[in-house]
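Close look at the chain arrangement
Each chain, written out:
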Amino acid sequence: MDVLWLFHIEEMAYFMANATRENCQDECRLSPNRDAAEEDLKKIGVECTKVDFDDANVQEDLDRLIKKYDMNFHDEVHICRETMPNFDEKLNIFFEEHLHDDAELRVIKHGVGYFDVRGKNEQWIRIPVRRGDFVFLPAGIYHRFTTDRSEDVVALRLFRNNPKWTAFNRSEDGDKQPIREQYLKDVSA
Ligand SMILES: CSCCC(=O)C(=O)O
Ligand SMILES: [Fe+2]
């Protein structure tokens with residue numbers, strides 16, 4: 001079965017209302033709601049697709065993604081209170097606006113979460129993700145993540161070479177990273 005190249009995932013991404021650490025696990029939609037078109041994601045280098053974990057051939061689809069994005073390592077992270085030490089602190093770290101100097105590729109195996117990405121003109125776009133959703137965030141994009149209120153997400157993390165998870169927070173040193181300048185050039189081209 002082919003990877004379903006749907007740029008819009010099961011639940012459309014949307015432009016967000018302001019979110020705080022207290023309400024961020026709710027949907028945080030604008031009123032009236034304003035969906036984000038696939039073009040809004042494409043413009044900032046974000047790609048979304050889906051795999052079907054209930055399909056016997058899902059590994060072929062995952063291998064295709066690994067090859068397409070030239071990833072050679074993956075691990076699995078379970079974000080939940082029971083198994084993640086310092087859960088609240090980790091969730092705060094994930095929800096702190098940050099960038100990486102590597103691309104961030106995640107495939108959700110279980111649960112519901114939200115990837116928030118900075119759109120053009122700095123608006124936040126929320127990408128709801130659930131089982132089977134794949135998200136590619138380019139190196140240098142400001143983003144954040146949270147689970148929904150169930151606080152139970154299992155995600156495959158795809159990496160090029162050894163798993164490196166270094167976040168540069170916007171409030172600290174994100175803008176100083178060379179990758180940030182490169183990203184801004186890439187998306188303005
Ligand atoms: C779903 S994995 C947690 C989010 C994350 O790895 C990140 O934002 O860097
Ligand atoms: Fe991240």
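For the structure itself, look to the data block above.
Residues numbered from 1 in each chain as written. Chains lettered and ligands numbered in written order. Predicted model: local features only at pLDDT ≥ 70, side-chain atom pairs only at ≥ 80, totals over all residues. Heavy atoms only, no water.

1. Quick notes on the overall build of the protein chain
Helices and strands together make up the secondary structure of the protein chain, namely four helices and 11 strands. The C-alpha radius of gyration computed for the protein chain amounts to 16 Å, which stays within 12% of the reference 16 Å derived for 189 residues, consistent with globular compactness. With respect to the principal axes defined by its C-alpha atoms, the protein chain has extents near 40 × 40 × 35 Å. The buried share of the protein chain, taken over its 189 residues, is 49%. Within the protein chain, counting contacts between residues at least 6 apart in sequence, those at least 24 apart form 77% of the total. Within the structure as shown, the protein chain displays about 9600 Å² of accessible surface, and the carbon and sulfur contribution to it stands at 49%. Of the charged side chains in the protein chain, 27 are positive and 39 negative, and the gap between their average positions amounts to 3 Å. (Helix = DSSP H or I, 4+ residues; strand = E, 2+ residues; numbered from the N terminus. Rg over C-alpha atoms; globule rule 2.2 N^0.38 Å. Buried < 20%, exposed > 50% of the residue type's maximum accessible area, 1.4 Å probe, protein only. Contact = heavy atoms within 4.5 Å. Areas by Shrake-Rupley, 256 points an atom, 1.4 Å probe, with all protein chains shown as cover. Lys, Arg positive; Asp, Glu negative; His and termini not counted. Charge placed at Lys NZ, Arg CZ, Asp CG, Glu CD.)

2. Looking at the nonpolar core
Generally speaking, soluble globular proteins have nonpolar side chains that are buried together. Grouped together as the largest cluster of nonpolar side chains are 27 residues, with contacts concentrated most on Leu41, Val46, Ile79, Phe115, Val117, Ile125 and Ile127. Mapped by element, the contributors of at least two residues to this core are strand E3 (73-80), helix H3 (87-95), strand E6 (113-118), strand E7 (124-129), strand E8 (133-137), strand E10 (152-159) and helix H4 (178-188). Non-local contacts of Leu41, meaning those with residues more than four positions away in its chain, are made with Ala13, Val46, Cys48, Val117, Ile125 and Ile127. Counting residues in each nonpolar core, the second largest holds 13 residues, with Phe53, Leu65, Met71 and Val107 among its members. (Core = buried A, V, L, I, M, F, W, Y, C linked by side-chain atoms within 4.5 Å.)

3. Considering the site of ligand 1
As a matter of local geometry, ligand 1 sits amid Ile79, Phe94, His98, His100, Glu104, Arg106, Phe115, His143, Phe145, Ala155 and Trp165. Between His100 and ligand 1, the recorded distance is 2.9 Å, taken from a side-chain N or O atom to an oxygen atom. The contact in question runs from an oxygen atom of ligand 1 to an N or O atom on the side chain of Arg106, over 2.9 Å. Contact with the protein chains hides 100% of the accessible area of ligand 1, taken as 290 Å² for the molecule alone. Contributions of two or more residues to the shell around ligand 1 are made by strand E5 (104-110) and strand E9 (143-147). Among the residues making up the shell around ligand 1, the classes are represented as six nonpolar, three polar and two charged. (Near = heavy atom within 4 Å. Polar contact = N/O pair within 3.5 Å; in protein donor to acceptor, adjacent residues only side chain to side chain. Nonpolar A, V, L, I, M, F, W, Y, C, P; charged D, E, K, R; others polar.)

4. Description of the coordination of the iron ion (ligand 2)
On the protein side, the iron ion (ligand 2) has His98 (NE2), His100 (NE2), Glu104 (OE) and His143 (NE2) as donor atoms, found 2.0 to 2.2 Å from it. Classification of the site at the iron ion (ligand 2) as irregular follows from its six donor atoms and the range of 59 to 167° in their angles at the metal. Here His100 falls in the buried class, since its relative accessible area comes to 6%. (Donors = N, O, S within 2.8 Å, 3.2 Å for Na, K, Ca; no water. Tetrahedral: all angles 85-135°; square planar, octahedral: opposite > 155°, others 65-115°.)

5. Focus: the environment of Asp61
With respect to the helices, strands and loops of the structure, Asp61 is situated in helix H2 (residues 58-68). On a C-alpha basis, the gap between Asp61 and Leu99 in space is 27 Å, while along the polypeptide they are 38 residues apart.

6. Section: the environment of Val112
Looking at the element boundaries, Val112 is found in the loop between E5 and E6. When near neighbours in sequence (up to four residues on either side) are disregarded, Val112 contacts Val129, Arg130, Thr147, Asp148, Asp152 and Val153.

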